[in-house]
Amino acid sequence: MFKNLSDRLERSFKILKGEGRITEINIAETLKDVRRALLDADVNYKVAKSFTDTVKQKALGQNVINALKPKELMIKIVHDELTSLMGGQEAPLNLSGNPTVILMSGLQGSGKTTFSGKLAKKLKSSKGKRPLLVAADVYRPAAIEQLKVLGESIGVPVYTEDGNKDAVQIALNGIAEAKRNHQDLVIIDTAGRLAVDEEMMREIEAIKNAVKPQETLFVVDSMTGQDAVNTAREFNERLDFNGVVLTKLDGDTRGGAALSIRSVVEKPIKYIGTGEKLEDIQEFNPEGMASRILGMGDIVELAKRAQELYDQKEAERLQEKIKKNKFDFDDFLNQIHQIKKMGNIKELASMIPGVGKVIKDIDIDDSAFTSIEAMINSMTPYERHNPEVLNQSRRQRIAKGSGTSIQAVNKFVKQFEDTRKMMRAASNMKNPMKMMNQLK
Ligand code: GDP
């Protein structure tokens, strides 16, 4: 995410390294670089200029009283200003009303339908909501079909009306249906066009006036840079939406939209989409994002994701198994699935302070787990529950079945056994002598 911008900012701060204090001269050079980095990231030029002006003022003002070195002081000020540029604080959804109605708007291809599914899934699992998805795109049967498939995969019902061309009526009927079935959240997916068009605007305006949603969200593809900001402005003038959803932040998007939208449209970014999978959704946190841009990690987001997936009962069950040395390949596979649910591995690692910078040029992806999963899937249930029975001929069969090699299987089984020993020792930490003996 924003790799280029991160690299460029890091380089601009280097100018200040070794300087005793911030002066008009050394700061001018740094800020010229910062501004260029922002413009190259496709940040709106007015936004970039006012950003560097503010940073300059603050840096010169704090210079005398601050104990930080010039480079650190500058990083801190830029961090604070990036945070405030992106809205300062998180902007949670208004989930009042019964049902809560959320209306999606945006151009075709922006990721509206995908996001509707992601949000339904997220609010169902984290807030215990009972969502209904409403397909109000009356022009593209494929879009309705897509929503149905999404709904099915997350276990959320989808309201559709074959043949009805009145999107307002469908939206209203959808809400009535939700009330009848005691569903407390309605997410309305609407039609988009390839470009802003009067008929589309009129239709979504009519839906908004009729259903009076708690939230109207504008979904936009962050890869489109300044176009995203312009489209946001046009939609906002007509719809006066409540918040922005920035999608496709996982690609090599330069960051311009994320950094400019808030100050141009004066509406908060509420969510971001970071991949095609339904788990790839995050509440937008300006401070965390500023930290990530500056390569400082985002431990809050990491903790939040871990928390969401934490299952007390499962943790206790595992602890018990570990103590009894019964942790098996099925548990291992389960753990891999849990980690995968938290998101893309490289993205997760980049949230750990200090790690992001180190790994930014290294290729890590989820395929790291693929061969391990294949090996476990090639084991019989008996073998999975009894790792110790894996003799050479069984290992040979597993290597063949998983398309790996006997060496790879041997290595994995050895690592698994070592891990098991370590975990067991750690679970007996209260008794250090016992732990030492087990490790022998
Ligand atoms: P809609 O026309 O606005 O409903 O857009 P869709 O939901 O159909 O999405 C258009 C394309 O973008 C699809 O191929 C999605 O898989 C993809 N997409 C949506 N959100 C994201 C995201 O956050 N990251 C990536 N990489 N792709 C996304």
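Residues numbered from 1 in each chain as written. Predicted model: local features only at pLDDT ≥ 70, side-chain atom pairs only at ≥ 80, totals over all residues.

Before going further, it helps to examine the site of the ligand. Around the ligand, 18 residues are found, and the nearest of them are Gly 111, Lys 112, Thr 113, Thr 114 and Gly 273. Looking at the shell around the ligand, the element that brings in the most residues is helix 5 (residues 112-127), giving three residues. Here the residues of the shell around the ligand are counted per class, giving no nonpolar, 13 polar and five charged. (Near = placed C-beta within 6 Å. Helix = DSSP H or I, 4+ residues; strand = E, 2+ residues; numbered from the N terminus. Nonpolar A, V, L, I, M, F, W, Y, C, P; charged D, E, K, R; others polar.)

Turning to the pairing of strand 6 (residues 243-247), a few remarks are in order. Counting buried residues in strand 6 gives four out of five residues, a clear majority hidden from the surface. Bridge count between strand 5 (residues 215-221) and strand 6: five bridges; the pairing is parallel. Each bridged residue has a counterpart across the sheet, and for Asp 221 the counterpart in strand 6 is Thr 247. Assessed by its sense of winding, the connection that carries the chain from strand 5 through helix 9 (residues 226-239) to strand 6 is right-handed. Judged from the three bridges that link them, strand 6 and strand 7 (residues 269-273) form a sheet pairing that is parallel. Residue Val 245 lies in a different strand from strand 7, and its bridge partner there is Tyr 271. (Buried ≥ 20, exposed ≤ 12 C-beta atoms within 10 Å, placed from the backbone. Pairing = 2+ DSSP bridges. Right-handed = clockwise from strand over helix to strand, strands pointing away.)

For the rest of this paragraph, the subject is unusual backbone geometry. In the segment running from Asn 98 into Pro 99, the intervening peptide bond is cis, with an omega of 0°. One can find Pro 99 in the loop between helix 4 (70-85) and strand 1 (100-105). One non-glycine residue with positive phi stands out, namely Asp 240, at about 50°. One can find Asp 240 in the loop between helix 9 and strand 6.

All right, on to the packing of helix 3 (residues 45-62) against helix 4 then. One can describe the packing of helix 3 onto helix 4 by two numbers: an axis separation of 10 Å at closest approach and a directional angle of 140°. One way to sum up the angle between helix 3 and helix 4 is to call them oblique. Note that helix 3 runs across helix 4; the crossing there is right-handed. Contacts from Phe 51, Thr 54, Val 55, Lys 58, Ala 59 and Gln 62 in helix 3 reach Leu 73, Met 74, Ile 77, Val 78, Glu 81 and Leu 85 in helix 4. A class-by-class count of the residues in the contact of helix 3 with helix 4 yields eight nonpolar, two polar and two charged. (Axes fitted to C-alpha atoms, helices over the stretch in contact; angles between N-to-C directions. Parallel < 35°, antiparallel > 145°, perpendicular 65-115°, else oblique. Left-handed = near helix turned anticlockwise from the far one by under 90°. Contact = placed C-beta atoms within 7 Å.)

Now for the confidence of the model for the protein. For the protein, per-residue confidence averages 87 on the pLDDT scale, and residues scoring 70 or more make up 91% of the total. Between the elements of the protein, mean pLDDT differs from a low of 52, seen in helix 21 (residues 432-439), to a high of 97, seen in strand 1. Complex prediction metrics read pTM 0.76 and ipTM 0.99. (pLDDT = per-residue confidence, 0-100.)

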